[in-house]
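Next come the chains, spelled out residue by residue.
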Amino acid sequence: MAALWADSKFQTTSFKCAVVFLATSLVVGVANGCRSSRNANEILVGQYGSLTGDQATFGQSTNNGITLAVDEINAAGGVNGKKLHLITYDDKGDPREAATAVTRLITNDGVVAVLGEVASKLSLEGAPICQKYGVPMITPSSTNPKVTEVGDMIFRVCFIDPFQGFVCAKFARDNLKAENAAILYDQSQTYSVGLQDEFEKSFTKLGGKITTKQAYQKGEQDFNAQLTAIRASKPGVVFIPGYYNDVGTIAVQARKLGITVPLLGGDGWESPKLAEIGGDAINGCYYSNHYSPQDPSPRVQNFIKKYKERYHTTPDSMAALAYDATHILKDAIGRAKSLSGAAIAEQIARTKDFDGVTGQITIDEHRNAVKPAVILEMKNGQPTYVTTIKPEGKGEGAGGRE
Ligand code: PHE
């Protein structure tokens with residue numbers, strides 16, 4: 001009886017997966033011009049991302065950045081005479097779909113490496129699968145430390161949240177002169193839970209005090225209860241390490257309740273939709289980020305020019321990180337003795353002083369990148385460069401203007 005039950009449950013799940021596969025293949029088939037044949041002159045690279053769903057701009061920007069890099073690489077002759085062929089699946093921001101997408105990329109499509117995800121929670125779904133099959137994965141933008149801790153196949157080209165939490169805390173203390181801070185975070189996102197913790201550690205270490213800590217759940221629309229408690233605690237700044245869609249709504253409700261102090265957040269704010277949702281309420285608020293489009297360096301400005309020509313919009317930091325991740329992967333494949341996962345991973349690990357759009361990238365022994373962060377202020381609905389904060393003990397970086 002029990003066996004039968006388990007069996008039928010299994011069948012339902014696999015059937016659902018098949019439907020998901022079919023649906024995503026259709027979307028992807030169109031996106032890639034239906035090129036699904038395997039070809040000895042091609043190297044297959046996989047991508048999983050949230051092209052639709054709650055955080056759709058994360059996946060879309062990332063896809064733009066990767067596609068731009070892949071086309072550029074192929075136009076310049078590819079890698080060791082072979083063209084890169086990108087296979088992309090939309091995980092819709094859903095953990096189960098993310099796992100399904102990565103399994104399919106590896107077991108069905110036979111990709112040599114995987115790019116993705118943005119959200120740490122989703123990277124933590126894909127990473128164990130890549131690790132199990134020995135296929136290298138580079139997340140362009142997941143900042144939670146746990147992601148690369150999964151194993152030696154998992155890399156990232158962005159900084160991690162202990163540093164990002166420090167950056168926000170230091171900015172709150174030094175620049176905003178905040179004596180105390182309230183925190184409002186998303187309980188359902190690994191990223192948000194981790195970043196609020198790191199902020200608290202650094203902020204208290206720097207002599208600040210946390211007045212209250214409030215949380216919300218995915219899908220929550222009414223933040224009045226949490227915001228009322230925050231208002232009563234009289235903070236000098238409110239730290240909100242959430243994703244842009246929630247942050248926009250929270251900003252509107254906070255201002256309505258008469259909370260006038262600056263709101264501060266992390267890279268999860270980065271989206272053209274933040275100003276659209278937050279309107280005037282988000283102006284005068286700050287967040288830490290991976291790069292600023294106002295960085296005058298030719299490397300950054302050339303990238304922006306190419307990106308704008310193709311997509312008619314300014315690239316956000318996910319697009320920039322995705323572009324860097326793709327070029328780092330290409331270089332690693334180029335140096336690798338074979339297309340085996342181990343050979344490629346060995347070379348990704350050797351990445352040193354790569355001149356990226358998001359700064360100089362060296363992969364450290366924990367498979368993370370150590371680089372500066374920038375702080376941006378929302379002014380007239382535009383993220384505007386304020387300052388660059390470097391990791392302690394690190395020299396000049398290129399994460400933004402000095
Ligand atoms: N760092 C976020 C996470 O780990 C994702 C993110 C990166 C969001 C860059 C916006 C910009 O979940």
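Residues numbered from 1 in each chain as written. Predicted model: local features only at pLDDT ≥ 70, side-chain atom pairs only at ≥ 80, totals over all residues. Heavy atoms only, no water.

J.: Just checking my understanding: could you explain the packing of aromatic side chains for this structure?
T.: What describes a pair of aromatic rings is the distance from one ring centre to the other and the angle between the planes of the rings. In this structure the tally under the stated criterion is 13 aromatic pairs. Taken together, a centroid distance of 5.1 Å and an interplanar angle of 85 degrees make the contact between Y216 and F223 edge-to-face. Among the residues examined, Y216 registers a relative accessible area of 1% and is labelled buried. Arranged with centres 4.6 Å apart and planes meeting at 45 degrees, the rings of F303 and Y323 form a pair that is tilted. Of this pair, F303 sits in helix α11 (residues 298-311) while Y323 is found in helix α12 (residues 317-335), placing the two residues 20 residues apart along the sequence. This pair shows no difference in class: F303 is buried, exactly as Y323 is. Here the aromatic cluster, defined as three or more aromatic residues joined through ring pairs, consists of F58, Y191, Y243 and Y244. (Phe/Tyr/Trp six-rings, centres within 6.5 Å; stacked < 30°, edge-to-face > 60°. Buried < 20%, exposed > 50% of the residue type's maximum accessible area, 1.4 Å probe, protein only. Helix = DSSP H or I, 4+ residues; strand = E, 2+ residues; numbered from the N terminus.)

J.: Sorry, what's going on with the pairing of strand β7 (residues 209-216) here?
T.: Consecutive side chains of a regular strand alternate in pointing toward one face of the sheet and then the other. Here 7 bridges tie strand β6 (residues 180-186) to β7, and the two strands are oriented parallel to one another. Directly across from A181, in β7, lies its bridge partner I210. At this point the chain moves from β6, through helix α7 (residues 190-205), to the parallel β7, and the crossover so formed is right-handed. (Pairing = 2+ DSSP bridges. Right-handed = clockwise from strand over helix to strand, strands pointing away.)

J.: When you look at the nonpolar core in this model, what are you seeing that I'm missing?
T.: Soluble globular proteins: nonpolar side chains tend toward being buried together. V114, I138, F199, L227, L264, W269 and L329 are the most contacted members of the largest nonpolar core, which totals 108 residues. Ranked by the residues each element gives to this core, the list is headed by α12, at 8 residues. For V114, the residues in contact, after removing those within four places along its chain, are G46, Y48, L105, I106, C130, V135, P136, M137 and I138. Grouped together as the second largest cluster of nonpolar side chains are 12 residues, L68, Y291, V300 and Y307 included. (Core = buried A, V, L, I, M, F, W, Y, C linked by side-chain atoms within 4.5 Å. Contact = heavy atoms within 4.5 Å.)

J.: Could you clarify how one ought to interpret the site of the ligand in this entry?
T.: Around the ligand, a shell composed of 14 residues is seen, among which S120, S141, T143, Y243 and D267 lie nearest. A distance of 2.4 Å separates an oxygen atom of the ligand from a polar side-chain atom of S120. For the ligand, an oxygen atom lies 2.5 Å from a polar atom in the side chain of Y243. When the ligand sits alone it has 320 Å² of accessible area, and the protein chains cover 100% of it. (Near = heavy atom within 4 Å. Polar contact = N/O pair within 3.5 Å; in protein donor to acceptor, adjacent residues only side chain to side chain. Areas by Shrake-Rupley, 256 points an atom, 1.4 Å probe, with all protein chains shown as cover.)

J.: Help me understand the sheet that holds strand β10 (residues 286-289) in this model?
T.: The mixed open sheet is built from 7 strands, whose spatial order is β7-β6-β8-β9-β10-β13-β14. In this open sheet, the two strands that pair with only one neighbour each are β7 and β14 (382-389). The sheet shows a mean angle of 25 degrees between the axes of neighbouring strands, direction not considered. Lying on the sheet, helix α6 (residues 161-175) is in contact with β8 (237-239), β9 (263-265), β10, β13 (373-379) and β14; it crosses β14 at an angle near 95 degrees. Along the sheet, helix α8 (residues 224-232) makes contact with β6, β7 and β8, crossing β7 at roughly 175 degrees. (Axes fitted to C-alpha atoms, helices over the stretch in contact; angles between N-to-C directions.)

J.: Where do I start with helix α2 (residues 56-75) in this structure?
T.: Along an α-helix, residues three or four positions apart point the same way, because every turn accommodates 3.6 residues. Compared with an ideal rise of 1.5 Å per residue, which puts 20 residues at 28 Å, α2 spans 28 Å between its outermost C-alpha atoms and is within 8% of the ideal. Positive phi shows up at G77, right after α2, with a value of about 110 degrees. (Expected span 1.5 Å × (residues − 1).)

J.: Quick question: what am I supposed to make of the pairing of β6 here?
T.: Counted residue by residue, β6 has 6 buried out of 7 residues, so it is predominantly covered. Pairing of β6 with β8 involves 3 bridges; the strand directions are parallel. Counted as the bridge partner of I183 is F239 from β8.

By themselves these figures say nothing about function.
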